[in-house]
2 protein chains.
Amino acid sequence: MSPSDVEATPARAPSKAPTRKGENTRNQILETALRLFRERGYDGTTMRAVAEEAGVSLGSAYYYFRSKEHLIQAYYQRSHDEHLQDCSGRLGSERDLEARLLLVLRSKIDTSAPYHRFAGQLFRTASDPDSPLSPFSEESLPVRRQATELLQRVVEGSDAKVTPTLAQELPGLLWLYLMGIILFWVHDRSTECVRTYRLIDRTTELVVRVIGLASMPLLRPLVKSAVVLTTELRRLATPDHLGEALGEEAP
Amino acid sequence: MSPSDVEATPARAPSKAPTRKGENTRNQILETALRLFRERGYDGTTMRAVAEEAGVSLGSAYYYFRSKEHLIQAYYQRSHDEHLQDCSGRLGSERDLEARLLLVLRSKIDTSAPYHRFAGQLFRTASDPDSPLSPFSEESLPVRRQATELLQRVVEGSDAKVTPTLAQELPGLLWLYLMGIILFWVHDRSTECVRTYRLIDRTTELVVRVIGLASMPLLRPLVKSAVVLTTELRRLATPDHLGEALGEEAP
DNA sequence: GTCTATAACCGGATAGAC
DNA sequence: GTCTATCCGGTTATAGAC
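Just so it is clear, the model here is predicted, and its values are computed rather than measured.

## Topic: the domain arrangement of chain A
All names here are of chain A.
Then comes step 1: Split into domains, chain A comes out as domain 1 (3-64) and domain 2 (80-245).
Then comes step 2: Contacts between the two partners involve eight residues from domain 1, matched on the other side by seven residues from domain 2.
Then comes step 3: For the pairing of domain 1 and domain 2, the buried interface totals around 730 Å² over both sides, and the portion due to carbon and sulfur atoms is 53%.
Then comes step 4: In terms of surface lost to domain 2, no three residues of domain 1 exceed Arg38, Tyr42 and Asp43, which account for 63% of the buried area on that side.

Dropping the structure here:
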């Protein structure tokens, strides 16, 4: 159509830029998949059904998404985007740490609600350490980092006093806490997931209290141990003898 | 899938005892499966291979084990038995809580070592809340209870002073702690899983210290919260019996 | 080189004959 | 209780179309 229809394809680098057409098809497939996941759950959604409802062939679906699981990575990103959009604005007007934390956690559950059934089955594949979908995996790092940044904002935007040592590790610890809540949620069969909300209320209170106590001299060693814990967890993603500083590198 | 299948044993046997013949075949299949799991991992082991190496047909394998996943339940039980046998005797001569806890945790990792690869893939299916293999599920209750009892012995056989409230919930909390360690372990790619052992050393110290501090009046509310946590967790296994109409039904 | 489609393959699971 | 035959769905190979 346009004379420079050629797109800015780099000469040497592997052409990552997809054509407009492909982009549309890809989106169509993704939207269809997420809808079917919501309607029928993960296992109930066959790749054949996704392809058919998206109006493409099975082969095309696999052209755009290497596997059924790769559709999940897209879900992670979307889930986080919706979470961010839902709670980001409301964070501005609140200074109390517990209130901020509550807001963010509840928002995560709120926005994830339509995917509750799906998330359960999802969690299965996600907890295979070998799967690129493990929340600890290399591939999940971008979303994980974004989520951790949100939690960092929660802490830094509050009026809570946190010792520097703890402040540095706190977002990572809170991400871990969030993972625990989500793990509870996917198992939660109560109506409207009231149990999860109750758990959030009670544990958040606990967490904030612990943070408050962390400056007590007597508890100093505990803080130290908690920091060690996150360090170990970060190392988990790296295969043994590699140095430090994962989580900071961009390709 | 069907929530009401209590046992993996074949046939709704009108007579109680399974036939000797069947018992043998069943064992043969199970041993073969566990060996192949060790040698090739979970995904690498096909039901066809299990059947073939066990000298039975595919259909027979499915006669004894409703699904590939049901073989895992058997692994749970065996793993716990080996754990118990490995550490039970050595527990008698030690009174220090940290030492006792260390012993039990290390023993769990020691005895599970041959199944490391398998356990990783296993964890996948095990964390589907709908799967009967979820550690929180009804079906897993017997093994879970046995494991909790072991942890109860760890506490009660020690010379640590624990307030009655905490003492009652501590085994459940420690079981949760053990689950966390195992979760770390299945992700651990370090040689000989040194990181897991290091994590055990460091967190056990932390855990014991927290237990020691739990009697401080200032920390009383924290203990209360922790107890609430286990209560909520226990409820997860039960399908919402609190008078509310259940919006979900099993097909 | 980008995209689409058809026809397999493989392994988990089931039906039903014996 | 044991088998064979078959289904079903994720995945792959491959042959073209644009």
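Next comes the rest of the account.
## A closer look at the relation of the copies chain A and chain B
Two copies of the chain are present, and they differ by a rotation about an axis and a shift along that axis.
Then comes step 1: For the pair chain A and chain B, the best superposition has an RMSD of 0.2 Å and corresponds to a rotation of 180° with a translation of 0.1 Å parallel to the axis. The symmetry that links the two subunits is that of a two-fold axis. Across chain A, the smallest distance between a C-alpha and the rotation axis is recorded for A:Arg124, namely 2.2 Å.

## Some remarks on the packing of helix H8 (residues 164-187) of chain A against helix H10 (residues 220-236) of chain A
All names here are of chain A.
Then comes step 1: Taken N-terminus to C-terminus, the directions of H8 and H10 make an angle of 60°; their axes are 9 Å apart at the nearest point. The orientation of H8 relative to H10 falls into the category oblique. For the crossing formed where H8 meets H10, the hand is left-handed. The segment H8 lies against H10, with Thr165, Leu166, Glu169, Gly172, Leu173 and Leu176 engaging Val223, Ala226, Val227, Thr230, Leu233 and Arg234.
Then comes step 2: Its residues assigned to classes, the contact of H8 with H10 comprises seven nonpolar, three polar and two charged.

## Quick word on helix H9 (residues 194-213) of chain B
Working note: α-helix, 3.6 residues per turn, so residues spaced by three or four point in the same direction.
Then comes step 1: Between the first and last C-alpha of H9(B) there are 29 Å, a value that for 20 residues agrees with the 28 Å anticipated at 1.5 Å per step.
Then comes step 2: Regarding H9(B), the residues found buried are B:Arg195, B:Thr196, B:Leu199, B:Ile200, B:Thr203, B:Thr204, B:Leu206, B:Val207, B:Val208, B:Ile211 and B:Leu213.
Then comes step 3: Looking at the buried residues of H9(B), the elements they touch are H10 of chain A together with helix H5 (97-112) and helix H8 (164-187) of chain B.

## A look at the protein's contact with DNA strand D
Then comes step 1: As a matter of local geometry, DNA strand D sits amid 18 residues, with A:Met47, A:Arg48, B:Ser57, B:Ser60 and B:Tyr64 nearest to it.
Then comes step 2: Sugar and phosphate atoms form 58% of the subset of DNA strand D atoms that lie within 4 Å of the protein.
Then comes step 3: B:Thr25 is positioned with one of its side-chain polar atoms (N or O) 3.4 Å from a phosphate oxygen of DNA strand D.
Then comes step 4: Breaking the surface near DNA strand D down by element, the ones donating at least two residues are helix H2 (47-54) and helix H3 (58-64) of chain A together with helix H1 (20-40) and helix H3 (58-64) of chain B.

## Focus on the confidence of the model for chain A
Residues and elements named next belong to chain A.
Then comes step 1: Scored by pLDDT, chain A comes out at a mean of 83, with 86% of its residues at no less than 70.
Then comes step 2: Looking at the elements of chain A, mean pLDDT is at its lowest for H10, recorded as 79, and at its highest for helix H5 (residues 97-112), recorded as 98.
Then comes step 3: Within the model, the stretch residues 1-16 combines pLDDT values under 50 with two contacts to residues more than four positions away or in other chains.
Then comes step 4: Segment residues 242-251 is flagged for pLDDT under 50; beyond a separation of four residues in sequence, or across chains, it makes ten contacts in the model.

## Structural notes on the pattern of salt bridges
Then comes step 1: Summed over all chains, the structure comprises 18 salt bridges over all chains.
Then comes step 2: Here B:Glu232 makes a salt bridge to A:Arg198, at a shortest N to O gap of 3.1 Å. Of this pair, B:Glu232 sits in helix H10 (residues 220-236) while A:Arg198 sits in helix H9 (residues 194-213), on two different chains.
Then comes step 3: Between B:Arg78 and B:Glu31 there is a salt bridge, with the nearest N and O atoms lying 2.8 Å from each other.

## Looking at helix H4 (residues 70-91) of chain A
All names here are of chain A.
Then comes step 1: Counted at 1.5 Å a residue, the expected span for H4 with its 22 residues is 32 Å, and the 32 Å between its end C-alpha atoms agrees.
Then comes step 2: The principal kink in H4, of about 25°, is found at Gln85.
Then comes step 3: Along H4, the residues that are buried comprise Leu71, Ile72, Gln73, Ala74, Tyr75, Tyr76, Ser79, His80, His83, Cys87 and Leu91.

Each value, and the rule that gives it
Residues numbered from 1 in each chain as written. Chains lettered and ligands numbered in written order. Predicted model: local features only at pLDDT ≥ 70, side-chain atom pairs only at ≥ 80, totals over all residues. Heavy atoms only, no water. Domains from an automatic or database assignment. Contact = heavy atoms within 4.5 Å. Buried area = accessible area lost by both parts, 1.4 Å probe. Least-squares fit on C-alpha atoms with pLDDT ≥ 70 in both. Axes fitted to C-alpha atoms, helices over the stretch in contact; angles between N-to-C directions. Helix = DSSP H or I, 4+ residues; strand = E, 2+ residues; numbered from the N terminus. Parallel < 35°, antiparallel > 145°, perpendicular 65-115°, else oblique. Left-handed = near helix turned anticlockwise from the far one by under 90°. Nonpolar A, V, L, I, M, F, W, Y, C, P; charged D, E, K, R; others polar. Expected span 1.5 Å × (residues − 1). Buried < 20%, exposed > 50% of the residue type's maximum accessible area, 1.4 Å probe, protein only. Near = heavy atom within 4 Å. Polar contact = N/O pair within 3.5 Å; in protein donor to acceptor, adjacent residues only side chain to side chain. pLDDT = per-residue confidence, 0-100. Salt bridge = Lys/Arg side-chain N within 4 Å of Asp/Glu carboxyl O. Bend = angle between axes of the 7 residues up to and from the residue.

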